[in-house]
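# Working through the structure, step by step
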Amino acid sequence: MTYDLIAFALFALVTLSSAIGVVLMRDPWHSALLLGVALMSVAVHYVMLAAEFVAVMQVLVYVGGVLILITFAVMLTQTEEFESDEVVQT
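A brief look at the structure comes next. Fair warning: this is a prediction, and the values are worked out from it, not measured in the lab. (Residues numbered from 1 in each chain as written. Predicted model: local features only at pLDDT ≥ 70, side-chain atom pairs only at ≥ 80, totals over all residues. Heavy atoms only, no water.)

A word on helix 1 (residues 3-24). Between its first and last C-alpha atoms helix 1 spans 31 Å; for 22 residues at 1.5 Å apiece the expected length is 32 Å, and the two agree. Those residues of helix 1 lying buried are Thr15, Ser18 and Gly21. For helix 1, the angular spread of the buried residues around the axis is 130°, confining them to a single face. Every exposed residue of helix 1 that faces more than 90 degrees away from the buried side is listed here: Leu13, Leu16, Ile20, Val23 and Leu24. Looking at the buried residues of helix 1, the elements they touch are helix 2 (28-48). (Helix = DSSP H or I, 4+ residues; strand = E, 2+ residues; numbered from the N terminus. Expected span 1.5 Å × (residues − 1). Buried < 20%, exposed > 50% of the residue type's maximum accessible area, 1.4 Å probe, protein only. Arc of directions from axis to C-beta. Contact = heavy atoms within 4.5 Å.)

Mapped onto the fold, Ser31 is located in helix 2. Look at Ser31 and you get buried, because its relative accessible area is 14%. Apart from residues no more than four positions distant in its own chain, Ser31 is found in contact with Val22 and Met25.

All right, on to unusual backbone geometry then. The backbone of Ala50 sits at a positive phi, close to 65°, despite the residue not being glycine. Mapped onto the elements, Ala50 comes out in the loop between helix 2 and helix 3 (52-77).

Have a look at this one:
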């Protein structure tokens, strides 16, 4: 087996497992982080195919832009649960 095949299999496993994790995670923050891992591993596949420009655009546009947008959306839409030990009397 060559090193290229081992690297491809390793990053294919990372891509598939993180993509499955994106779907199965209940927390949107962890799902967004796993999406970043999946997109970065796809960029590694582009580098292995000698398409460096496409890999750089993958990182800049998708990881840099879309993932930051998802992060801001998650931060702005999360609700805080106020826990109070006191019972409000009416």
